[in-house]
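# Chains, contacts and geometry: an overview
Spelled out from the first residue to the last, the chains are:
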Amino acid sequence: RWGSTPGTTLATRPWRRGRRKPTRSSPIRSSGTIEDGAKIHGASVHFVDEELDGGEVIARAIVPVHPDDTPEILAARVLGVEHSLYVKALALVASGLVQAKAS
């Protein structure tokens, strides 16, 4: 367990299209995205549950991969999107518009 009651904590992670689970944000991961020829990367915010990164996704945002991106540039752009997306997801939860499903 990750030290919280399921549905009460939010987490953010980068994601790649075609992957069920989010990926970790780092230049190394972004390097894989670039090397794989992916055109989009992104960020997601999800509820924390018992499984690492297994909770319900609250929000996602797409980050385009530019032809001149380096892994560091892409990772920094994804991180910036994660931060703004977290604020938006937190507002949705705080307003009651989004709630974790009962398990």
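Let us now look at the overall build of the protein. From N to C terminus, the protein includes two helices and three strands. Here the protein, with 103 residues, has 35% of them falling under the buried criterion.

Read across the sheet, three strands follow the order β1-β2-β3 without closing on themselves; strand pairing throughout is antiparallel. Of all the strands in the sheet, the pair left with one neighbour each is β1 (10-15) and β3 (57-64). Sheet twist, expressed as the mean angle between neighbouring strand axes with direction ignored, is 15°. Two elements, β1 and strand β2 (residues 40-47), share six bridges in a ladder whose sense is antiparallel. What sits directly across from Ala11, in β2, is His46. Across the sheet, helix α2 (residues 71-95) lies against β1, β2 and β3, angled at about 150° from β3, the strand it touches most.

Cut-offs and rules
Residues numbered from 1 in each chain as written. Predicted model: local features only at pLDDT ≥ 70, side-chain atom pairs only at ≥ 80, totals over all residues. Heavy atoms only, no water. Helix = DSSP H or I, 4+ residues; strand = E, 2+ residues; numbered from the N terminus. Buried < 20%, exposed > 50% of the residue type's maximum accessible area, 1.4 Å probe, protein only. Pairing = 2+ DSSP bridges. Axes fitted to C-alpha atoms, helices over the stretch in contact; angles between N-to-C directions. Contact = heavy atoms within 4.5 Å.

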